[in-house]
Amino acid sequence: MSDPNGKMREYRPGDEESILALFNRVFDANRTMRRWRWQFIDHVQGKGWITLAEADDEIIGQYCMMRNHLNFRGREVCAGQSCDTMVRHDQRGKGWFARLAEANYTHAAGMGLKAVFGFPNRLSYPVFMRDISWRRITRLKCYYYRIGFRKIWGALPDRVYKLLLGRYLKSKLAGLRSSLKGAAIVTTKTAPEDIEGLLEEVRSREVLSAWKDLKYLKWRYENHPEFRYTFHVLTMRGRPECLVITKHAGGRIAVCDVLHRTKNVPEAAFLLLHATLYHVASCAQVISFCGHDDGFFDSVFARCGYHARHSESFVFCGRVFSDAALEERFFDPNNWTVAYGDIDVS
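Analysis parameters
- Residues numbered from 1 in each chain as written.
- Predicted model: local features only at pLDDT ≥ 70, side-chain atom pairs only at ≥ 80, totals over all residues.
- Heavy atoms only, no water.
- Core = buried A, V, L, I, M, F, W, Y, C linked by side-chain atoms within 4.5 Å.
- Buried < 20%, exposed > 50% of the residue type's maximum accessible area, 1.4 Å probe, protein only.
- Helix = DSSP H or I, 4+ residues; strand = E, 2+ residues; numbered from the N terminus.
- Disulfide = S-S within 2.5 Å.
- Polar contact = N/O pair within 3.5 Å; in protein donor to acceptor, adjacent residues only side chain to side chain.
- Contact = heavy atoms within 4.5 Å.
- Phe/Tyr/Trp six-rings, centres within 6.5 Å; stacked < 30°, edge-to-face > 60°.
- Axes fitted to C-alpha atoms, helices over the stretch in contact; angles between N-to-C directions.
- Parallel < 35°, antiparallel > 145°, perpendicular 65-115°, else oblique.
- Left-handed = near helix turned anticlockwise from the far one by under 90°.
- Nonpolar A, V, L, I, M, F, W, Y, C, P; charged D, E, K, R; others polar.
- Pairing = 2+ DSSP bridges.
- Salt bridge = Lys/Arg side-chain N within 4 Å of Asp/Glu carboxyl O.
- Patch = residues over 30% accessible without salt bridge, like charges linked within 9 Å, V, L, I, M, F, W, Y side chains within 5 Å.
- Areas by Shrake-Rupley, 256 points an atom, 1.4 Å probe, with all protein chains shown as cover.

### Quick word on the nonpolar core
Looking at soluble globular proteins, one finds that nonpolar side chains tend to be buried together.
Part 1: Judged by nonpolar contacts, the single largest core of 91 residues is most densely connected at F301 and F330.
Part 2: Here the element with the most residues in this core is helix α9 (residues 265–280); it accounts for 10 residues.
Part 3: In this structure, W49, Y63, A101 and Y105 belong to the second largest nonpolar core, which totals 26 residues.

As structure tokens, this is what we get:
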């Protein structure tokens, strides 16, 4: 792994400060140690894989994957999501990206890795496709609902609009509720303890998706070091049937996931409409979601009045290692369910 201009090696405890310093310098960010440890060390599925480039005893580049195991026809598969790839500005153009990635994959595959996926930006996309054998799967679709016009109309008209929109959504909810006997909704800031059965049934009905069990949801949302999330749960005759997870991000509400046991569109739309109404009273101006599946998302968001467009930011791509059955289905977009909460920036 030696190189005349530097060397590559795997992460060692104690590298954290240098990694964070480089990350914050390259991305002009303020990533905290707490966030870094949550993502790469304290992940409920295991530690991530981090390969570093070093020159003159300084870390000058990184390729890494956070753990992101996949659900493959109800079976958990060891996988990672590529993220936080970086090379110091004065070291670019030396081929570090591809060499770090291949070294990282070799190391991780030796520890059981079967696939890597991610959402490369416009600058890194050509390198992923050309130099490290990734393949494109699909472009995510974005759904959005405007719940305010403060920047256009001003504060007072915005409040009036929100009041009228709230009344409209309440009437629409009342109409839907009449056809859903035994429906009840609970909204909470913690992951509900009784949804494991819901999650298990969702996994059994999907071909490929992120592996989501209760432990994962608690790590991903409830224990996130920076953001706070809201869980909206629909029960039918006392049994959890649908889960919608949302995040307040200033002027925008992000819908992170919509999970239903059987992909029942009327029930999921009822819960999504409730979540939309729940956030109308906030200062947010837009509610949005990005994702991809076999048509369930299209149906649910359209029924709730959301507009849709293809994302310019999230192109879903990946690569498979030594698993013929997985590779056979991995690159067919019709096999995938991907939600905004599955993306490392969410």
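Right, picking up where we left off after that structure.
### Some details on the state of the cysteines
Covalent bonding between the sulfur atoms of two cysteines is what defines a disulfide.
Part 1: The final tally for this structure, using the stated rule, is 1 disulfide.
Part 2: C142 shares a disulfide with C290; S-S distance 2.3 Å. Handedness here is read from the sign of the S-S torsion; for C142 and C290, about 75°, the answer is right-handed. On the criterion of sequence distance, the pair formed by C142 in strand β9 (residues 135–146) and C290 in strand β15 (residues 286–292) is long-range, its members being 148 residues apart.
Part 3: On the basis of relative accessibility, which here comes to 8%, the residue C142 falls in the buried class.
Part 4: You can see C242 has no disulfide; the closest cysteine sulfur is in C304, sitting 10 Å from it.
Part 5: By relative accessible area, C242 is classed as buried at 0%.

### Regarding the side chain of S82
Part 1: Position of S82 relative to the elements: it lies in strand β7 (residues 79–87).
Part 2: Polar contacts involving the side chain of S82 include one to the side chain of Y63, which spans 2.8 Å.
Part 3: Not counting residues within four places of it along the chain, the set of residues in contact with S82 comprises Y63, C64, M65, V116, F117, F128 and W134.

### Considering the packing of aromatic side chains
The geometry of an aromatic ring pair is captured by the separation of the ring centres together with the interplanar angle, meaning the angle of the planes.
Part 1: One pass over the structure, following the stated rule, counts 30 aromatic pairs.
Part 2: Here W36 and F40 contribute two aromatic rings whose centre-to-centre distance is 5.8 Å and whose plane-to-plane angle is 40°, an arrangement assigned as tilted. Of the two residues, W36 and F40 both sit in helix α2 (residues 33–40), 4 residues apart, roughly one turn of that helix. Accessibility assignment for this pair places W36 and F40 in one class, buried.
Part 3: Measuring from ring centre to ring centre gives 5.0 Å for F97 and F128, while their planes differ by 90°; the resulting arrangement is edge-to-face. Remark: F128 occurs in helix α4 (residues 125–131) and F97 occurs in helix α3 (residues 96–109); sequence separation between them is 31 residues.

### A short note on the packing of helix α6 (residues 155–177) against α9
Part 1: Two elements in contact, α6 and α9, have axes separated by 10 Å at closest approach and are oriented at 160°. Considering their axes alone, α6 and α9 lie roughly antiparallel with respect to each other. By crossing handedness, the relation of α6 to α9 is classed as left-handed. Contacts from K162, L165, G166, L169, K170, K172, L173, L176 and R177 in α6 reach F270, L273, H274, T276, L277 and V280 in α9.
Part 2: Considered class by class, the residues forming the contact of α6 with α9 number 8 nonpolar, 3 polar and 4 charged.

### Points about the pairing of strand β2 (residues 6–10)
The two faces of the sheet receive side chains in turn, since in a regular strand these alternate between them.
Part 1: Where burial is concerned, most of β2 is hidden: 4 out of the 5 residues are buried.
Part 2: In the sheet, β2 pairs with strand β3 (residues 49–55) via 4 bridges, with the strands oriented antiparallel. Each residue of the ladder has a partner; that of R9, found in β3, is L52.

### Examining the pattern of salt bridges
Part 1: Applying the stated criterion to the full structure yields 23 salt bridges.
Part 2: The partner of D84 in a salt bridge is R31, and the shortest N-O contact between them spans 3.3 Å. Residue D84 is located in strand β7, and its partner R31 is located in the loop between α1 (16–26) and α2; the two are separated by 53 residues in the primary sequence.
Part 3: A salt bridge links R319 to E102; the nearest nitrogen and oxygen atoms lie 3.0 Å apart. With R319 in strand β16 (residues 307–320) and E102 in helix α3, this residue pair connects regions lying 217 residues apart in the sequence.
Part 4: Classification of R319 by relative accessible area gives buried; the value is 15%.
Part 5: By sharing partners, the salt bridges in this structure join E201, R205, R239, E241 and R261 into a single network.

### Side note on a nonpolar patch on the surface
Part 1: The grouping of L156, V160 and L164 at the surface amounts to a nonpolar patch, some 280 Å² of accessible area in total.
Part 2: You can see L164 is positioned in helix α6.

### Describing the pairing of strand β4 (residues 58–67)
Part 1: When you tally the buried positions in β4, you get 9 out of 10 residues, the bulk of the element.
Part 2: Two elements, β3 and β4, share 7 bridges in a ladder whose sense is antiparallel. Pairing of W49 across the sheet is with M65, part of β4.
Part 3: Pairing between β4 and β7: 6 bridges, direction antiparallel. When the bridges of β7 are listed, M65 appears paired with S82.

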